[in-house]
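# Observations on the model geometry
If you want the building blocks of each chain, they are given just below.
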Amino acid sequence: EEEEAEAKSYKVTVWQGNAFQLDGGPVRSAADPVNRQFMEDLSRGLVPLELRTRDAQNRPVRVQVSLEDKRDMDPSNAVVAKPTWKAFGGGGQALGSDWSHQAFSSVAAAAAAAAAGGG
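The structure displayed is predicted, hence computed values, not measured ones.

Another point: the environment of Q37. By secondary structure assignment, the location of Q37 is in helix 1 (residues 33-43). In this structure Q37 comes out as partly exposed when scored by relative accessible area, which is 37%. Expressed as a C-alpha distance, the spacing of Q37 and P48, which sit 11 residues apart in the sequence, is 7.6 Å.

See the structure below:
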């Protein structure tokens with residue numbers, strides 16, 4: 001039997017004025033329809049669409065959302081985490097073949113034939 005993917009954990013901080021923050025990211029306003037839907041889903045006990053993911057077998061990954069209540073604080077107090085950059089560590093594969101030499105040869109041959117009056 002295949003192992004279930006590890007649950008994804010998120011932290012949502014709720015601020016004054018229907019503002020919220022996901023995992024220390026930028027403060028978002030619930031006035032925006034996408035953000036409003038996010039908060040409505042949470043209030044109904046649903047996983048917001050942007051947090052839903054699937055594993056390699058296309059099965060839903062469990063999600064844990066912890067809420068931090070700072071509704072008595074202005075969102076200007078929010079600390080926004082700086083994004084961490086990680087260099088690409090994978091390998092690469094060339095797709096197809098190097099067509100440039102073949103294309104150049106074909107064009108050169110056609111040009112030579114036209115110059116010789118053959119086309």
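Now that the structure is up, let's keep going.
This part is about the sheet that holds strand 4 (residues 63-70). The sheet built from 4 strands is open, its strands ordered 3-2-1-4 with mixed pairing. For this open sheet the edge positions go to strand 3 (27-29) and strand 4, each flanked by a neighbour on one side alone. Averaged over all pairs of adjacent strands, the angle between their axes in this sheet comes to 30°, without regard to strand direction. Its contacts with the sheet place helix 1 against strand 1 (8-15), strand 2 (19-22), strand 3 and strand 4, and it is angled at close to 80° to strand 2.

Attention now goes to the layout of surface pockets. Roughly 150 Å³ of internal volume is contained in the largest pocket. In terms of lining, the largest pocket is formed by V14, M39, L42, S43, L67, E68, D69 and R71. Taken together, the elements giving at least two residues each to the lining of the largest pocket come down to helix 1 and strand 4. The residue makeup of the lining of the largest pocket, split by class, is 4 nonpolar, 1 polar and 3 charged.

Rules behind the numbers
Residues numbered from 1 in each chain as written. Predicted model: local features only at pLDDT ≥ 70, side-chain atom pairs only at ≥ 80, totals over all residues. Heavy atoms only, no water. Helix = DSSP H or I, 4+ residues; strand = E, 2+ residues; numbered from the N terminus. Buried < 20%, exposed > 50% of the residue type's maximum accessible area, 1.4 Å probe, protein only. Pairing = 2+ DSSP bridges. Axes fitted to C-alpha atoms, helices over the stretch in contact; angles between N-to-C directions. Contact = heavy atoms within 4.5 Å. 1 Å grid on protein atoms, 1.4 Å probe; cavity = no way out; pocket = protein on both sides within 12 Å on 5 of 7 lines; lining within 4 Å. Points joined across faces, edges and corners; volume = space filled by probe spheres on them. Nonpolar A, V, L, I, M, F, W, Y, C, P; charged D, E, K, R; others polar.

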